[in-house]
Amino acid sequence: MGTITTDDGTEIFYKDWGTGQPIVFSHGWPLSADDWDAQMMFFLAQGYRVIAHDRRGHGRSTQTGDGHDMDHYADDLAALTAHLDLHDAVHVGHSTGGGEVAHYLGRHGEDRVAKAVLISAVPPLMVQTDANPGGVPRSVFDDIQTQVATNRTRFYRDLPSGPFYGFNRPGAEPSEAIIANWWRQGMMGGAKAHYDGVVAFSQTDFTEDLRKITVPVLVMHGDDDQVVPYANSGPRSAELLQNGTLKTYAGFPHGMPTTEAETINADLLEFIRS
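Everything numeric here is computed off the predicted structure, so don't read it as measured data.

Criteria and thresholds
- Residues numbered from 1 in each chain as written.
- Predicted model: local features only at pLDDT ≥ 70, side-chain atom pairs only at ≥ 80, totals over all residues.
- Heavy atoms only, no water.
- Helix = DSSP H or I, 4+ residues; strand = E, 2+ residues; numbered from the N terminus.
- Rg over C-alpha atoms; globule rule 2.2 N^0.38 Å.
- Buried < 20%, exposed > 50% of the residue type's maximum accessible area, 1.4 Å probe, protein only.
- Areas by Shrake-Rupley, 256 points an atom, 1.4 Å probe, with all protein chains shown as cover.
- Lys, Arg positive; Asp, Glu negative; His and termini not counted.
- Charge placed at Lys NZ, Arg CZ, Asp CG, Glu CD.
- UniProt positions renumbered as here; feature names shortened; annotations may be inferred.
- Salt bridge = Lys/Arg side-chain N within 4 Å of Asp/Glu carboxyl O.
- Polar contact = N/O pair within 3.5 Å; in protein donor to acceptor, adjacent residues only side chain to side chain.
- Contact = heavy atoms within 4.5 Å.
- Pairing = 2+ DSSP bridges.
- Axes fitted to C-alpha atoms, helices over the stretch in contact; angles between N-to-C directions.
- Right-handed = clockwise from strand over helix to strand, strands pointing away.

### Structural notes on the overall build of the protein chain
- Helix and strand content of the protein chain: ten helices and eight strands.
- Relative to a compact globule of 274 residues, whose C-alpha radius of gyration would be 19 Å, the protein chain shows 17 Å and is just as compact.
- Across its three principal directions, the C-alpha atoms of the protein chain cover 40 × 40 × 40 Å.
- When the 274 residues of the protein chain are sorted by exposure, 57% land in the buried category.
- Approximately 10,700 Å² of the protein chain is accessible, and the part contributed by carbon and sulfur atoms is 49%.
- Side-chain charges of the protein chain comprise 20 positive and 36 negative groups, with the mean position of each set lying 1 Å from the other.

This is the structure we're talking about:
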């Protein structure tokens, strides 16, 4: 574990375990590198080098007051990969992290990258616009920002208790440990970073980033994702990619890397080895 300092003085915390081909994990909003525990331990045991960082303002990274946008997120990831001198890396992004990976590739190129994976990811564009009528209404994201600004600790219990992991579905068995760990990660980060991050993940249009990417990309999405709805995300991203493959998971929720880790890890391993 260590930190790097970016050009604007932000300290980015990261974990770097093992040897072999590097797999770099980018986490979702408003979490931290800890959200990848199930993947990092699995791939470490498979002989890979596993790396994950806390996005600026999240987890153990600096709670800076600005820079909470996709350009900075992508530049921070580029700074980390350069610092570690990574080559032939596989980049895996969940939710907002999927946007970060797509924008990193579109903005900084693919010289250091072998493959990428977008899991329950926000591209191509989440918010509803005239050009994106199938998107999520702006009012939903305005409400999230209000909750973050006024009652974050309550909101960070409600979201994982309900739609994030599908624990609100009939017959679901909520896991208090998973819910508490989500809350813990969220409350480690800064409210300002999380507030601004809502705009970053919802209003950034990744269409041109996706079109630029030539390396193989696996798009993994559950069709019961209540956070990043399936129809307007996974299939559309796969269509925009030059070398994309869509894998759809019947009934899986947004947080499937945690609740369905066994399945997700096996499919990730097959894609990385292929």
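Anyway, onward from the coordinates.
### Observations regarding the UniProt feature "domain: AB hydrolase-1" (unreviewed entry) in the protein chain
- The feature "domain: AB hydrolase-1" (unreviewed entry), as annotated in UniProt, sits at residues 22-254 in this numbering.
- Summarising residues 22-254: 42% helix, 15% strand, and an end-to-end C-alpha distance of 25 Å.

### Describing the pattern of salt bridges
- Applying the stated criterion across every chain, the model contains 18 salt bridges.
- Residue Asp34 pairs with Lys15 through a salt bridge whose shortest N-O separation is 2.6 Å. Of this pair, Asp34 sits in the loop between strand S3 (22-26) and helix H1 (37-45) while Lys15 sits in strand S2 (residues 11-17), and the two are 19 residues apart along the sequence. As far as the burial class goes, Asp34 and Lys15 line up, both buried.

### Focus: the side chain of Arg152
- Considering the arrangement of structural elements, one finds Arg152 in helix H4 (residues 138-161).
- No salt bridge forms around the buried Arg152; measuring N to O, its nearest opposite-charge neighbour Asp196 is 12 Å away.
- A distance of 3.3 Å separates the side chain of Arg152 from the side chain of His194, its partner in a polar contact.
- Those residues within four positions of Arg152 in sequence are excluded, and the remaining contacts are Gln147, Gly186, Met187, Gly189, Gly190, Ala191 and His194.

### Describing the sheet that holds strand S6 (residues 113-119)
- One open sheet holds the eight strands; their spatial order is S1-S2-S4-S3-S5-S6-S7-S8, and the pairing between them is mixed. The strands lining the two open edges of the sheet, one partner per strand, are strand S1 (2-5) and strand S8 (244-249). Each neighbouring strand pair of the sheet contributes to a mean axis angle of 20°, computed without reference to strand direction.
- Contacting S1, S2, S3, strand S4 (49-53) and strand S5 (89-94), helix H2 (residues 70-83) runs over the sheet at an angle of about 115° to S1.

### Here's the deal with unusual backbone geometry
- With an omega of -5°, the peptide bond between Trp29 and Pro30 qualifies as cis.
- Within the fold, Pro30 resides in the loop between S3 and H1.
- We note that Asp85 has phi near 50°; this positive angle belongs to a residue other than glycine.
- Here Asp88, not a glycine, exhibits a phi torsion of approximately 55°, which is positive.
- Note that Asp88 resides in the loop between H2 and S5.

### Here we look at the pairing of strand S7 (residues 217-222)
- Among the six residues that make up S7, six are buried, leaving the element largely enclosed by the rest of the structure.
- In S7, alternate side chains face the same way, and those of Val217, Val219 and His221 on one face and Leu218, Met220 and Gly222 on the other are all buried.
- In terms of strand pairing, S6 meets S7 through four bridges, oriented parallel. Paired with Val117 across the bridge in S7 is Leu218.
- A crossover connection joins S7 to the parallel S8 through helix H8 (residues 234-240); in handedness this β-α-β unit is right-handed.

### A look at the environment of Asp209
- Among the secondary structure elements, Asp209 is positioned in helix H7 (residues 207-212).
- Along the chain, Asp209 and His94 lie 115 residues apart, while their C-alpha atoms are 16 Å from each other.
- If we skip the residues at most four places from it in the chain, Asp209 touches Ala102, His103, Gly106 and Arg107.
- Of note is the side chain of Asp209, whose polar atom sits 2.7 Å from the side chain of His103.

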